[in-house]
Amino acid sequence: MWLRSRFTCHYANHVLSRTEPALSSGRRVQSGLPDLLICFSFADPSVEMETYHVSAGHMFLLKCLIPGAHPNVTWGRGGRHNLNLPTGVEVREGLLWFLPVQTAHEGNYTCEKWSTKGLLQMTVQVSVSNRECPDASETVSIPHGVSGSLPCKQTEIFQLGNTTNIRWMQECQPVQPLSVDNKGLMRLPAVSETHVGKYTCLVDLSVDGREYTAARSIQLTVNNDMVATEPQVVLPHNQVIKVEVGMPLELICEALIGHSEDVNTVMYWTVNMEFIEEYNGLTESWEFLQVQGRVYSRSVLFIPEVHPHFLNVPIQCHTRNSVGQSVGVVTLHEADRTVLYITVALCLTGPLALLALGAVFFLCKVDLVLAHRKLLRHFPKKQALDGKLYDGYVSFLSPNTQRSAEAATFALRILPEELEKKHGYSLYIRGRDDCPGEAVHDSIAAAIHQCHRLIIILSPEAKNPTDAHTAEETLPTTCDDQTQMCYEQKVGLYSALTQNDPQVILVEIDGPVDYSRLPESLRYIRRKQGALKFRTDSTRAQRLSQLCSNRNFWKSLRYHMPSVPTGRRTIV
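What comes next concerns the included structure. Worth saying up front: this structure is predicted, and the values here are computed from it rather than measured.

Let us now look at the pairing of strand 9 (residues 107-115). The sheet contact formed by strand 6 (residues 74-77) and strand 9 spans four bridges and is antiparallel. Bridge pairing links Trp 75 to Cys 111 in strand 9. Both strand 9 and strand 10 (residues 118-129) contribute to a ladder of nine bridges, which runs antiparallel. Pairing of Tyr 109 across the sheet is with Val 124, part of strand 10.

And the structure:
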């Protein structure tokens, strides 16, 4: 125990005298005096000092309990002015070694240490007896009926690492405890009056080639007023945990102990009814917790890597005291990765499905739009009038060459046969639907503004006149005698470029068209939206490819045409 010491601290021409614990340092008074402080401390005889009971012939290690004293400490016998130690007593790394204890070693021993706060000192008494079992230095009380434990109280001896044997005696007679760990802690069964007495822990060890025995005694009493309660595990309770094999895991066990800490409480884990010491790497720790006036014991089992043999077997947390025991069970199941696999599959297939749908829509866009239009015709609804009388205005070059004759045949016969008779479109075709005697330019302008689309049919011979100054100021050579087509294109293209009404559909007949010889407005529309191609070649080798190409042509043309109004009769 700490001595209460009388110390006197001198400042220049000023004395402060008072009683304080030996660890206290001089306190500077607010008097403006110099900082120099000199302290002298001496034991207060009114305070009982701590006594260590040892037996002659035993080894004994005495530690200075001043914080931070080890190993920078000075030992003396009888007082701070006597630094001489008796024969057989020496200082090693701050510890006072008795090798072995002799009756002449009885007396007071003082350890001192200088610090920034002054001199710190502690004095203890060593009492030597000639009995094999020394007197008890402290008393431990255990409730009646509780399975308790007694510490060996020889920490410094065990730290040497030279222990060869540990023995316990009751009243200097050998005793068989429930168990003794490597630090000498002895566990007892449920105590009764027969267990009362002096218990001595004897440790055999080897030092410097010689065999020694160290002994400390402790007095055990039984308290009939203290009542222990049966522990109750609150966590885990038949718990199932999903885990990943190969991953680390912590399992937590909590048990209600009562309203006070019971030193006889024991917590431990088993895996498939085997102690965790049977498994490499498993570690556990436990502590007491106080929550709202109740005491819980908490143990943590750490599994550095979950192996398959930990799965689907009971992992039990045992909490036991002298009154009873409680067990919590947890079972590890391997995590079901089906959901994970499905999630990953959806994450992977989702974008792929979207890409596939996008590709299908891109490749089958024309067919899908046409099918949607056909489906809508079965669900008629009232449509708003927009003043349009025709679905398309067909502009073509009148026949004066073979190429222009083919364009005229396409415009006057093939196009109406497919669009009007088969699919119910309404076309305005110059040369078929205009009336003789009408003002040509006025009738063309009116007809174009009454159409949703402007279909311009081009052939490879289409060109500008060689004396043209600009592409828009003059007309192609083929228009010299066909000023009507030139006017159609001018009026229609102007409205299409400025108002996007009507929309223009370019159709190329039998081969590529040299757009460099056509007006800039046509070249712009060609670059912007492309042109549909129709072939009239009928050689035997080209019939199959021509059939497929023209089938796609009609689908594309209908795709670019507006929807046929509901109720308009279709001739199949």
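Still more to cover.
Moving on to the nonpolar core. Counting residues in each nonpolar core, the largest one holds 27 residues, and the members touching the most others are Met 59, Trp 97, Leu 150, Ile 157, Trp 168, Met 186 and Tyr 199. Counting only elements with at least two residues in this core, the list comes to strand 8 (95-98), strand 11 (136-143), helix 1 (155-159), strand 16 (186-190), strand 17 (197-207) and strand 18 (210-223). The residues that make up this core include at least three from each of domain 1 (51-129) and domain 2 (138-223). Setting aside residues up to four positions removed in sequence, Trp 97 forms contacts with Met 59, Phe 60, Leu 61, Gly 88, Val 89, Glu 90, Arg 92, Leu 160 and Val 207.

Next up on the list: the pattern of salt bridges. Overall, the coordinates contain 15 salt bridges when judged by the stated rule. Between Arg 131 and Asp 135 there is a salt bridge whose closest N-O contact spans 2.5 Å. We note a salt bridge from Arg 526 to Glu 508, for which the minimum N-O separation is 3.3 Å. Of the two residues, Arg 526 is situated in helix 7 (residues 520-529) and Glu 508 in strand 31 (residues 503-509); the sequence distance between them amounts to 18 residues. Accessibility expressed as a relative area gives 26% for Arg 526, which makes it partly exposed. The exposure class of Glu 508 is buried, given its relative accessible area of 3%. A single network of salt bridges, built from pairs that share partners, joins Glu 90, Arg 92 and Asp 208.

With respect to the secondary-structure elements, Glu 156 resides in helix 1. Sequence-distant contacts of Glu 156, defined by excluding residues within four places in its chain, comprise Leu 61, Lys 63 and Leu 95.

To continue, consider the sheet that holds strand 28 (residues 390-395). With respect to topology, five strands assemble into an open sheet ordered 29-28-30-31-32, the strand pairing being parallel. Lying at the two open borders of the sheet, with one neighbouring strand each, are strand 29 (427-429) and strand 32 (532-534). The mean angle between the axes of side-by-side strands here comes to 25 degrees, regardless of whether they run parallel or antiparallel. Strands strand 30 (451-458), strand 31 and strand 32 of the sheet are contacted by helix 7, whose axis makes an angle of about 90 degrees with strand 31.

Before going further, it helps to spend a moment on the state of the cysteines. With the rule as written, the count across this model stands at four disulfides. Put simply, Cys 152 and Cys 201 are joined by a disulfide, and their sulfur atoms are 2.0 Å apart. In this structure the cystine formed by Cys 152 and Cys 201 twists about its S-S bond by roughly -85 degrees; its chirality is therefore left-handed. Within this pair, whereas Cys 152 is found in the loop between strand 12 (147-150) and helix 1, its partner Cys 201 is found in strand 17, the two being separated by 49 residues in sequence. Neither residue differs from the other here; Cys 152 and Cys 201 are each classed as buried. Each sulfur in the disulfide pair Cys 253 and Cys 317 lies 2.0 Å from the other. In this structure the cystine formed by Cys 253 and Cys 317 twists about its S-S bond by roughly -85 degrees; its chirality is therefore left-handed.

Cut-off values and rules
Residues numbered from 1 in each chain as written. Predicted model: local features only at pLDDT ≥ 70, side-chain atom pairs only at ≥ 80, totals over all residues. Heavy atoms only, no water. Pairing = 2+ DSSP bridges. Helix = DSSP H or I, 4+ residues; strand = E, 2+ residues; numbered from the N terminus. Core = buried A, V, L, I, M, F, W, Y, C linked by side-chain atoms within 4.5 Å. Buried < 20%, exposed > 50% of the residue type's maximum accessible area, 1.4 Å probe, protein only. Domains from an automatic or database assignment. Contact = heavy atoms within 4.5 Å. Salt bridge = Lys/Arg side-chain N within 4 Å of Asp/Glu carboxyl O. Axes fitted to C-alpha atoms, helices over the stretch in contact; angles between N-to-C directions. Disulfide = S-S within 2.5 Å.

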